[in-house]
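# A closer look at the structure
Here is how the chains run, residue by residue.
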Amino acid sequence: MDQYRKQNYVYRPAPKRAARPRGPEEERERYYALIRHRIDPERLHRLSWVNIAVLCGALLAFFFGSLLGPKPERSAVEKRDLARFPAFSAEALRSGTFTRDIETWYADTFPFRDGFVGLSAVVDEAHGVRVDDVRIVAPSGGEAQDLPDASNQPPAAPQEPQPAPAESGDSSSAPESQSDASSAPETPPQPVDDGAAPGAINNGTFVYRGMAMSLFGGSPDSGRWYAQVLNAYHEELPDVQIYNMIIPTAIEFYVPDKYRDLTQSQKAMIDLVYGTLDPSIKKVDAYSELAAHTDEYIYFRTDHHWTGLGAYYAYRAFCGEAGLTPKELSDFETRRLDDFIGTMYSQTQDTTLLKNPDYVDYYLFKQPYEAQRFLVDAPYSGVDSTLWGEYAQSPNSYSVFLHGDFPLVQVKTGIGNGRRILVVKESFGNAFAPFLINHYDEVYIVDQRYFQLPLVDFIREHGINELVFANNSFAVCTPYHIRCIDNMRHQVFVPRALQADVPQAGEPEESDEDAREQEEQEPPDEGDRPRRLRPRGG
């Protein structure tokens, strides 16, 4: 019995209970209780008012800064025009478009917007994993990029800092003027996608080790169509020697073999086009010349164009077909624009492209020349020009070549050999065409997108005896460019102000590669002297 009692009265400690977890409200109360315990109520009250004042002051400063500060009209990061403040009308207010447009305008122009856009790109880029240093960005585009400018007019562009005479390659504006010039780009109006004929397919952008390249996809039908259009020129101009030069883009040479199936072969497309051309049309093999120099700086890393050096090698290939002796690089004066971040960064916002900016080398020649450029809706009145816009700045540094895209640039050299050549090109041809002034009496540089006169008559009237088409592989397979080249043959000049504001169905589409182009359309300076272009024999 005693033994039983001792067992009943043995001390056993009670089991510990787990602490009940505090909820968020209890934790908050505990936190503020500790603060009130350490800080007297009067001081805590003053700190509260200081916090309120700082927060409200920051919000008010941001608010008034956004309302009263200067409003940017273009985003350098996104390379697009920003929304403007909408015009008021009772109908717009009633339909709600006025308030929606104000919202869009404010979203486009609030302070430090480009910085926030860059931060957003960094955050987006952090999602997912880079395999083999590769990133593939979906094709850019969208409704806003496919719609034409509301007025259907070519946009205005900034002026040069100083006009310069164009008597020789050394007379172009000095490099010191670069920092004083504004070179904000303007985007040409873009036609609506007709969604009909086969066209160049941009399969996205391939970013690899700090270099961005458009993935190529072209329809063979478009390549044959392009060749047939050039054959039509040959039929109408039998006495004119025609050359065709198709320029491959960077993806053809620099995509790793592991990912080559993502892009179509540009070499196969070039061979198809050349095989469809009339035998009398000379085929310039720029492909082989560029392929032999892929270890050199022939394409930009952050822009979709080739470099001046790449254009030089294509010029050497052209000289081989034209029976010319090419100049050596040592014959030219080389100048450079540093810190170039181009169109591919604006499309991808990939931060790896910022770590190794491009530079633009361009070459000045000893050959004296006189040049005029002709603006949209002014095809008969030229203004004195140079071939190099040395004031160009990033993100428009490529505009150093020909000052950007113009309907026509006319160059006279006085060489006296009687050879006159006309170059039909898109923006890739801007870096190529200037080399020709070293060999020709007259050089005419036509942009197929903006030229407004009938080209066949123009060639006959000016006694032009050679014609070269210089287009990149994307343009060759894009219905927009093919139609532009075809329509130029016998088009009738109609000022854009008289054309319909809304493009009609069936109007050609523009390739994604062209949507990247942001070259300037530069108006004449006050010191420029207009001249009338007189047809030969007229």
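Refer to the structure presented above.
Residues numbered from 1 in each chain as written. Predicted model: local features only at pLDDT ≥ 70, side-chain atom pairs only at ≥ 80, totals over all residues. Heavy atoms only, no water.

## Some words on the pattern of salt bridges
- Inspection of every chain in the model, using the stated rule, returns 18 salt bridges.
- Across the pair Lys425 and Asp447 runs a salt bridge, and its minimum N-O distance is 3.1 Å. Of the two residues, Lys425 is situated in strand β13 (residues 420-425) and Asp447 in strand β14 (residues 442-447); the sequence distance between them amounts to 22 residues.
- Connected through shared salt-bridge partners, Asp405, Lys425, Asp447 and Arg449 make up one network. (Salt bridge = Lys/Arg side-chain N within 4 Å of Asp/Glu carboxyl O. Helix = DSSP H or I, 4+ residues; strand = E, 2+ residues; numbered from the N terminus.)

## Section: helix α12 (residues 308-322)
- Relative to the 21 Å expected for 15 residues at 1.5 Å per residue, α12 spans 20 Å between its end C-alpha atoms, a close match to the ideal helical length.
- Regarding α12, the residues found buried are Gly308, Leu309, Gly310, Ala311, Tyr312, Tyr313, Ala314, Tyr315, Ala317, Phe318, Cys319 and Ala322. (Expected span 1.5 Å × (residues − 1). Buried < 20%, exposed > 50% of the residue type's maximum accessible area, 1.4 Å probe, protein only.)

## Let's talk about the packing of aromatic side chains
- Applying the stated criterion across every chain, the model contains 30 aromatic pairs.
- Measuring from ring centre to ring centre gives 4.5 Å for Tyr297 and Tyr359, while their planes differ by 35°; the resulting arrangement is tilted. With a gap of 62 residues between them, Tyr297 in the loop between α11 (286-291) and α12 and Tyr359 in strand β9 (residues 358-364) connect regions that are remote in the sequence.
- The class for Tyr297 is buried, based on a relative accessible area of 17%.
- Plain terms: the ring middles of Tyr312 and Tyr315 are 5.8 Å apart, the flat faces sit at 45° to each other, and that makes the pair tilted. Of this pair, Tyr312 and Tyr315 both sit in helix α12, 3 residues apart, roughly one helical turn. The exposure classification of Tyr312 matches that of Tyr315, with both residues buried.
- An aromatic cluster of at least three residues, connected via ring pairs, comprises Tyr312, Tyr313, Tyr315, Phe332, Tyr363, Phe365, Tyr369, Trp388 and Phe435.
- Geometry around Tyr287 places Lys267 over its ring, the cationic atom sitting 5.8 Å from the centre.
- Positioned over the ring face of Phe406 is Arg373, at 5.3 Å from the centre of the ring. (Phe/Tyr/Trp six-rings, centres within 6.5 Å; stacked < 30°, edge-to-face > 60°. Lys NZ or Arg CZ within 6 Å of the ring centre and 35° of its normal.)

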